[in-house]
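Per-entry structural report
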Amino acid sequence: MNTLLKIQTSLSGDASESSRLATRYAEQWLARHPGGRVLTRDLARDPVPHLTAERFAAFAAAPEERTVAQRAIVGESDALIAELQAADVVVLAVPMHNFSVPSTLRAYFDHVARAGITFRYTAAGPEGLLTGKRAVVIVTRGGYYPEGADLQVPYVRQFLGFVGITDVDAVVAEGLAISAESRVAGLERARQAIATLVADPGRTPSRQAAGSTPESVAA
Ligand SMILES: Cc1cc2nc3c(=O)[nH]c(=O)nc-3n(C[C@H](O)[C@H](O)[C@H](O)COP(=O)(O)O)c2cc1C
């Protein structure tokens with residue numbers, strides 16, 4: 001395991017809690033993987049466009065029939081996929097935006113879900129092709145979202161599984177806007193969860209969301 005891809009989506013730049021937690025994970029991972037490399041893709045700074053009809057048509061066109069403009073569009077998607085393919089570990093920093101994930105992450109997913117490249121349909125159903133990787137989803141949010149109300153972790157987990165990334169852990173830092181105390185406690189629980197995950201990639205304790213209050217474990 002020598003490449004970690006850190007995907008950030010916060011609007012808050014260096015002040016982002018989710019990005020800070022993801023960077024913390026990456027730094028601790030790097031300490032345990034000397035010679036490893038960390039790549040950062042910041043989808044807030046460099047957003048991927050929405051998947052328009054024009055862009056989807058470019059993906060669907062036969063490679064030899066693509067126009068110059070379509071080849072450029074597909075090239076952007078190919079580069080994002082190549083980055084994912086090269087990663088052994090993918091860390092996603094995902095703040096809650098209006099009860100879900102940032103729209104930039106949706107647009108990114110729309111550009112890396114490519115039939116025949118990252119997944120394919122078989123007689124037995126869809127098969128993800130990005131196998132052999134693990135992912136850590138680091139979620140931050142202002143309020144508390146108990147199981148059933150969490151539209152972040154299950155969604156990201158489902159998408160990753162669809163493209164073949166099934167070894168997924170989640171760290172949830174929540175209650176960050178409720179009070180100063182809940183913010184401190186939420187972040188501290190998340191930091192502890194990160195330390196546990198980095199130290200024990202086998203994760204004997206649990207594959208559920210770590211870092212949540214007990215009543216809000218949601219993965
Ligand atoms: C546009 C926007 C929408 C948000 N929507 C929600 C929400 O629906 N529920 C919630 O609990 N927090 C919401 N928040 C608060 C963030 O999830 C919270 O501040 C989180 O810690 C931000 O992480 P970050 O510092 O990495 O950006 C929202 C924040 C922003 C900027």
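Structural notes, computed from the coordinates. (Residues numbered from 1 in each chain as written. Predicted model: local features only at pLDDT ≥ 70, side-chain atom pairs only at ≥ 80, totals over all residues. Heavy atoms only, no water.)

**A closer look at the overall build of the protein chain**
Per the secondary structure count, the protein chain includes six helices and seven strands. When the helices and strands of the protein chain are placed in sequence order, the string is β-α-β-α-α-β-α-β-β-β-α-β-α. Computed over its C-alpha atoms, the radius of gyration of the protein chain comes to 18 Å, within 12% of the 17 Å expected for a compact globule of 219 residues. Taking the principal axes of the C-alpha coordinates as reference, the protein chain spans close to 60 × 35 × 35 Å. A fraction of 75% describes how many contacts in the protein chain between residues 6 or more apart in sequence connect residues 24 or more apart. Entry remark: accessible area of the protein chain is about 10,400 Å², with carbon and sulfur atoms responsible for 54%. Taking the average place of the 22 positive charges on the side chains of the protein chain and the average place of its 23 negative ones, the gap between the two points comes to 3 Å. (Helix = DSSP H or I, 4+ residues; strand = E, 2+ residues; numbered from the N terminus. Rg over C-alpha atoms; globule rule 2.2 N^0.38 Å. Contact = heavy atoms within 4.5 Å. Areas by Shrake-Rupley, 256 points an atom, 1.4 Å probe, with all protein chains shown as cover. Lys, Arg positive; Asp, Glu negative; His and termini not counted. Charge placed at Lys NZ, Arg CZ, Asp CG, Glu CD.)

**A closer look at the site of the ligand**
The local shell around the ligand holds 16 residues, among which Ser10, Ser16, Ser18, Met96 and Tyr145 are the closest. At a separation of 2.8 Å, an oxygen atom of the ligand approaches a polar backbone atom of Glu17. Ser18 places a polar side-chain atom, nitrogen or oxygen, 2.5 Å from an oxygen atom of the ligand. Notes on the ligand: free accessible area 640 Å², of which the protein chains cover 71%. Residue classes in the shell around the ligand are distributed as five nonpolar, nine polar and two charged. (Near = heavy atom within 4 Å. Polar contact = N/O pair within 3.5 Å; in protein donor to acceptor, adjacent residues only side chain to side chain. Nonpolar A, V, L, I, M, F, W, Y, C, P; charged D, E, K, R; others polar.)

**A word on the sheet that holds strand E2 (residues 37–42)**
Hydrogen bonds between backbone atoms are what pair the strands of a sheet, whose relative direction is either parallel or antiparallel. Across the sheet, which stays open at both edges, the five strands sit in the order E2-E1-E3-E6-E7 with parallel pairing between neighbours. In this open sheet, the two strands that pair with only one neighbour each are E2 and strand E7 (167–173). Each neighbouring strand pair of the sheet contributes to a mean axis angle of 15°, computed without reference to strand direction. Summarising the sheet, strand E6 (residues 134–140) and E7 pair through seven bridges and their orientation is parallel. Residue pairing across strands places Ile138 opposite Val171, the latter belonging to E7. Those strands touched by helix H5 (residues 153–162) are strand E3 (89–95), E6 and E7, and its axis lies near 160° from that of E7. (Pairing = 2+ DSSP bridges. Axes fitted to C-alpha atoms, helices over the stretch in contact; angles between N-to-C directions.)

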